Amino acid sequence: MKVIIRDTKQEGSLWAAHYIAEKIKAKAAISSEPFVIGLCTGSTPIETYAELIRMYKAGELSFKNVISFNMDEYVGLPKEHPESYYSFMHKYLFDHIDQKEENIHILDGNAADLVKECSDFEAAILKAGGIDLFLGGVGEDGHLAFNEPFSAFSSRTRIVTLTEDTLVVNSRFFDNDVNKVPKQALSVGVATVMSAKEVVVLGFGPKKARAIKEAVEGPMSHYITLSAMQDHQAGIIVLDEAAAGELKVNSYKYFKALEKVEG
């Protein structure tokens with residue numbers, strides 16, 4: 001696991017966008033196989049998506065041979081709802097790039113059989129050849145996707161019940177009314193994410209600092225599902241200074257020095 005620390009959220013977001021772009025282009029240079037990416041939602045990746053859009057519009061990047069799988073979706077929320085993750089992804093990414101609609105995979109929280117929807121999602125990932133890179137964000141309690149505290153590291157895509165903390169945090173998207181936030185979601189599991197060849201997780205702002213400290217410096221624990229990153233051979237956590245604020249001085253210096261040496 002590596003930790004990339006930038007001064008600001010914007011700098012961290014740009015770093016992630018350019019890293020993703022280089023990975024897409026590198027695979028295209030040696031293979032006709034599609035690049036398979038996992039994607040997240042929420043306020044954290046918006047600037048990364050904006051930079052990917054800019055690169056596409058500038059002719060620097062194409063998504064024609066990219067297949068995507070989104071991490072999660074609310075249960076029971078119409079996909080046309082402005083806070084559905086289907087709407088989010090089209091608003092902040094898909095409507096502005098050349099990715100083919102048939103290559104976009106978002107869990108259907110209104111499927112007649114939610115268990116089958118989850119198993120079909122896992123099967124689709126396997127059919128696509130597995131995920132090359134999973135882009136994620138971290139919750140204030142250290143959750144990855146909707147893998148709330150105490151989610152098993154062996155978990156796969158499934159129905160999850162959201163914790164009170166998550167409902168409160170997400171209520172800002174629902175008129176600050178926690179009662180409007182769906183109580184369940186469909187989410188990829190910890191193992192789904194960790195099976196990707198690479199995982200890049202974004203963590204910005206002081207509210208993420210405690211979770212980052214526990215995930216990076218603490219033991220691997222299903223209480224902090226992001227801590228599973230410790231065991232990924234190609235895992236990267238991208239932080240701004242605020243999110244890195246509770247790391248030990250020696251940890252901070254180590255990751256800064258490592259990046260300087262490796263470039």
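Scroll up to find the structure.
Residues numbered from 1 in each chain as written. Predicted model: local features only at pLDDT ≥ 70, side-chain atom pairs only at ≥ 80, totals over all residues. Heavy atoms only, no water.

1. Focus on the pattern of salt bridges
For clarity, the cut-off: A pairing counts as a salt bridge when a side-chain nitrogen of Lys or Arg comes within 4 Å of a carboxyl oxygen of Asp or Glu. A run of DSSP states H or I qualifies as a helix once it reaches four residues; a run of E qualifies as a strand once it reaches two. Both are numbered from the N-terminal end. Here the term buried applies to any residue with accessible area under 20% of the maximum for its type, exposed to any over 50%, and partly exposed to those in between, with areas from a 1.4 Å probe on protein chains only.
Within the structure shown, the criterion is met by 13 salt bridges. A salt bridge links aspartate 120 to lysine 116; the nearest nitrogen and oxygen atoms lie 2.7 Å apart. Of this pair, aspartate 120 and lysine 116 both sit in helix α4 (residues 114-127), four residues apart, roughly one helical turn. Looking at aspartate 120, the relative accessible area reads 36%, which means it is partly exposed. Taking the relative accessible area as the measure of exposure, lysine 116 reaches 46% and is therefore partly exposed. When the shortest N-O distance is used, the salt bridge between lysine 180 and aspartate 175 registers 2.9 Å. Connected through shared salt-bridge partners, Lys27, Asp132 and Lys197 make up one network.

2. Side note on the nonpolar core
The line we're drawing: Residue types Ala, Val, Leu, Ile, Met, Phe, Trp, Tyr and Cys, when buried and joined through side-chain atoms within 4.5 Å, form a set referred to as a nonpolar core. When checking whether two residues touch, look at their non-hydrogen atoms; a contact exists if any pair is within 4.5 Å.
Counting 72 residues, the largest nonpolar core has Tyr49, Leu226 and Leu239 as its most contacted members. Leave out the neighbours within four places in its chain, and leucine 226 touches Val138, Gly142, Leu144, Val201, Ile212, Ala215 and Ile237. Within the second largest apolar cluster, ten residues are counted, among which are Tyr74, Leu77, Phe174 and Ala185.

3. Overview of the sheet that holds strand β6 (residues 133-137)
Short version of the rule: Being paired, for any two strands, means DSSP has found at least two bridges between them. To obtain an axis, a line is fitted to C-alpha atoms, over the contacting stretch when the element is a helix, and the angle between two such axes runs from 0 to 180 degrees between their N-to-C directions.
Spatially, β1-β10-β9-β6-β2-β3-β5 is the arrangement adopted by the seven strands of the open sheet, whose pairing is parallel. Edge positions in the sheet fall to β1 (2-6) and β5 (104-105), since each has one partner strand and no second. Bridge count for β6 against strand β9 (residues 198-203) is five bridges, and the pairing is parallel. If you follow glycine 137 over to β9, its bridge partner there is leucine 202. Running at roughly 155° to strand β3 (residues 66-70), α4 makes contact with β3 and β5 of the sheet.

4. Some details on the packing of helix α1 (residues 9-30) against helix α2 (residues 46-57)
Stated formally: An angle below 35 degrees is read as roughly parallel, one above 145 as roughly antiparallel, one from 65 to 115 as roughly perpendicular, and any other as oblique. Left-handed describes a crossing whose near helix is turned anticlockwise from the far helix by less than a right angle; the clockwise case is right-handed. Classification convention: Asp, Glu, Lys, Arg as charged; Ala, Val, Leu, Ile, Met, Phe, Trp, Tyr, Cys, Pro as nonpolar; all other residues, Gly among them, as polar.
Between α1 and α2, whose axes approach to 8 Å, the crossing angle comes to 50°. On the basis of the axis angle, α1 is oblique to α2. Between α1 and α2 lies a crossing of right-handed hand. Contacts between α1 and α2 pair Lys9, Gln10, Ser13, Leu14, Ala16, Ala17, His18, Ile20 and Ala21 from the former with Glu47, Thr48, Glu51, Leu52, Arg54 and Met55 from the latter. Broken down by class, the residue content of the contact of α1 with α2 amounts to seven nonpolar, four polar and four charged.

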